[in-house]
Amino acid sequence: MAEKEVMLHIESLRKEYPGVIAVNDVSFDIYKGEVHIVIGENGAGKSTLVKMLAGLNTIDSGTLKLEGREYKPENVLDAQAKGVNIIHQELSMMENRTVAQNIFIGREPVKGFWIDKKAMNEKCRELLDSLEIEIDPSTMVRDLSIAQQQMVEVAKALSFQSKVLIMDEPTSSLTSKEIDNLFRLTRKLRDEGTSIIYISHRMQELMEIGDRVTVMRDGAYIGTREIKEINMQELIMMMVGRKIENAYPRNYNEPGKEMVRTDKLTGLRFRNVDIHINAGEIVGVAGLVGAGRTELAKAIFGYDPIESGAVFLDGKKANERHYSTTRAVDAGISLLPEDRKKEGLFLDMSISENIVQAVARKLFKNGIADKKVENQLSEKYIKDLAVATTSGEKLVKELSGGNQQKVVLGKWLATESKFLIFDEPTRGIDVGAKYEIYSIMDRLAKEGAAIMMISSDLPELLGISDRVYVMKDGELAGEITREEAEFTQEAILEVALRGKERS
Amino acid sequence: MMVKQNIKKVSGIMWASLLMVVLMLIFVPNFSQPRNFDNILKNTAVLLIISIGMTMAILSSQIDLSIGGVMSASAMISAMYLSRFEEPTAVQILITFLIGIIVGLAFGLINGVMIGIFKYNYWLVTFATMSMGYGLAQVVTNGNIIAGFSKTFRHVADGKMGGAVSNVIIITILIVVIMMLLLARTRFGMHIYAVGDSEQCAAQSGIVVPKIRILVYAISGILAGLGGVLLVSKTNSASATIGNGYEFDAIAAVIIGGTPFEGGKGGLGGTVIGALVIQAFKAGLQLMGVSSYWQQTLVGIFILLIIVVDVISENQKLIKKTRRIYRDE
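About the criteria used
Residues numbered from 1 in each chain as written. Chains lettered and ligands numbered in written order. Predicted model: local features only at pLDDT ≥ 70, side-chain atom pairs only at ≥ 80, totals over all residues. Helix = DSSP H or I, 4+ residues; strand = E, 2+ residues; numbered from the N terminus. Buried ≥ 20, exposed ≤ 12 C-beta atoms within 10 Å, placed from the backbone. Contact = placed C-beta atoms within 7 Å. Pairing = 2+ DSSP bridges. Axes fitted to C-alpha atoms, helices over the stretch in contact; angles between N-to-C directions. Nonpolar A, V, L, I, M, F, W, Y, C, P; charged D, E, K, R; others polar. UniProt positions renumbered as here; feature names shortened; annotations may be inferred.

Draft legend 1. Highlighting the environment of B:His191. All names here are of chain B. Note that His191 resides in helix H8 (residues 187–197). By the C-beta count within 10 Å, which is 24 here, His191 ends up buried. Spatially, the C-alpha atom of His191 lies 11 Å from that of Pro210, the residues being 19 residues apart in sequence. Those residues within four positions of His191 in sequence are excluded, and the remaining contacts are Ala202, Ile207 and Ile212.

If you want it as structure tokens, here you go:
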């Protein structure tokens, strides 16, 4: 094999967030003209790493060399100018602009003073045609489906001349035909000498598109292998790194009576959802991004509209068309939201002020807060949940992700809630804290709570849940229980991608 | 295409407004007189000139509250200069307008730099410059009114150069057409929409957001300055309160015209209709003998109604869109 030319040299790259070392002294090389897969479990630091490469995250320490020259991206623009582009995991588009305007923003073709719309649309058409994307350049982005929007993002990134193109889980909401197109194009770019860094969870993709693979775990570099020489068993060992039997502390109990039931629940992004959860059960909800899981949770909690159907808790109607969070909280439903910092916490308030929020209405009936009662309450939950803090007066924004999650949990436990919805409960939380959160969930189930857990982390979902519901395009597409032989990641993905008929 | 979009967006509000105008035509005596129409058009013209800046500010998902204050300041400062001459020459009149425009530009630049570069809150900044403008207008003449200008100066707005149509209307049409082209057909225009739609996305796509913001407020200031002087020419008097309430009428014209506060959507076409509707509504109330205090109240109620209608129809659209994307694939 010919000697490999190094395109991007990564040395001792490091990034630290409060309480978590996201990327810890990572060093490896990306060759010219290769598809380099970066793989690892959720929270392994893959996204943080590539965001540093693309100028989206600042670099704490370490050096980068692009084609032998020092490379230190100031921001996305600077990275783009130097030839490093990224296809984001999250969409960032201008909804009220056309496809062509989104793709060519900032470099619109002009004829003298005027924008040459015709040329812009033609250039856009050529680009989309080359990708075999059947979208009209003059369509408004708001009128596209999520998958189509993602294809437009891909097209935009490909329209730049890239030395290094980073794809952060680009296929998460694409159809198999679109994935084929993307792969065809990826190979073409690779053969032309572009280096592609490709982040994925899916083993199948890795085998199909990758040349080499780098494994990361808990923010650290584990190793790089040639895909052709890799042994699947070895790869999984590298990713997991330890015996995983004890990663999920869960004692399965005999489920109690039915605690939660939804009856043909229909909201904006899901329809006719019938689920039931018994006391003492942890039920997982799986699905791709956009499948409607979070929206379902928010509707059950009375935050998002319910169009028809109802939620029953302990046999009593807890929420329906005239939805409200007040009603849900009073009935005993709680939600630990996906975006903890924005939706779950008051970051500039203290731990005790946060813990008392949901129960304050019941606790202080005359409307006057009693600091002593507040402190007693928070004291109790800080101890009970082992929140690592010196006092209840500490501001929540100063806590680590895991401890913040415990504060959210404390807020709900204070209301003596019977039904807890965890939406991505361990996202951005380090391994040790994850274990603690799982333990608490297990304990709550044992004490008779009904728990619903939404997670994109399939091993976690399988490790903790008694049963898993799978959603696809806003519908309940399947249910897999622990007793079945098919209680596997593959089974869940199969249903999540293809829907009911083939499961 | 931009125009088509606007019309689609405006339609609900347009029907309501059209209905109102028809009702006034039928029930308000003298509403259909040519003199009344000329009056409405002239009033619309001044409002429209300053509403262009407001449209741009709102399209970029911000707002320019300073417009009324800037009008007052530019009106008073330029009127002070002009009042030194018994019979000003064409050059002196030109200088009068230039002074007004420069005063407006100065205010616009303060707004733009504070907001665009130093990232201060646009409500606070333009609120402060509004106050500065009104204050400065009083300072320069100790609160006195300047009135009784020469015929040549009055002719700039009120004269009829080309026959039947007042000059101020022709000037406005010219500016509106230029600004429409600027918004719809140039990079700068596109980038105003882009910044209003998603500032983050715009910045990450290589648009220099501070530059866009500075230009938007500078243009808004220039037009407010010009509007102030034109208003003096049209009314033949300059007082420190001359711009009072224009910022609110401008916001109303933009909102009625279907450019929502969230930015990135809408355009000048709607604002033209919005300004016409407001001035027709006010003229109708005037002819019905409604006091100016009540006029202001009724305009407020009218805007409130439009917002309610708009929010309901937007929500319906949003629900339909969500259903389409998430259900029928």
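Draft legend 2. Fine view of the sheet that holds strand S21 (residues 467–472) of chain A. Residues and elements named next belong to chain A. A sheet is described by the order of its strands in space; here six strands give the open sequence S18-S19-S20-S15-S21-S22, paired in mixed fashion. The open sheet terminates on both sides in strands that have one partner only, identified here as strand S18 (333–336) and strand S22 (475–481). For this sheet the average axis-to-axis angle between neighbouring strands, irrespective of direction, equals 20°. Against the sheet, helix H9 (residues 293–300) touches strand S15 (282–287), S18, strand S19 (419–423), strand S20 (450–454) and S21, its axis set at about 150° to S19.

Draft legend 3. Quick look at the environment of A:Ile300. All names here are of chain A. Tracing the sequence through the fold places Ile300 in helix H9. Here the alpha-carbon distance between Ile300 and Ile105, two residues 195 residues apart in the chain, equals 40 Å. Contacts of Ile300, omitting those with residues within four sequence positions, involve Thr262, Val311, Asn319, Ile333 and Ile421.

Draft legend 4. Quick look at the interface of chain A and chain B. Each partner contributes to the interface: chain A provides 25 residues, whereas chain B provides 24 residues. Breaking the side of chain A that touches chain B down by element, the ones donating at least two residues are helix H2 (76–81) and strand S8 (114–115) of chain A. When grouped by side-chain class, the residues that make up the side of chain A that touches chain B number ten nonpolar, seven polar and eight charged.

Draft legend 5. Molecular detail of the UniProt feature "transmembrane region" (unreviewed entry) in chain B. Under the UniProt annotation, "transmembrane region" (unreviewed entry) lies at residues 12–28, 40–58, 89–110, 122–141, 161–183, 214–232 and 293–313 of chain B. When the span residues 214–232 of chain B is considered, its composition is 100% helix and 0% strand, and the gap between its end C-alpha atoms is 27 Å.

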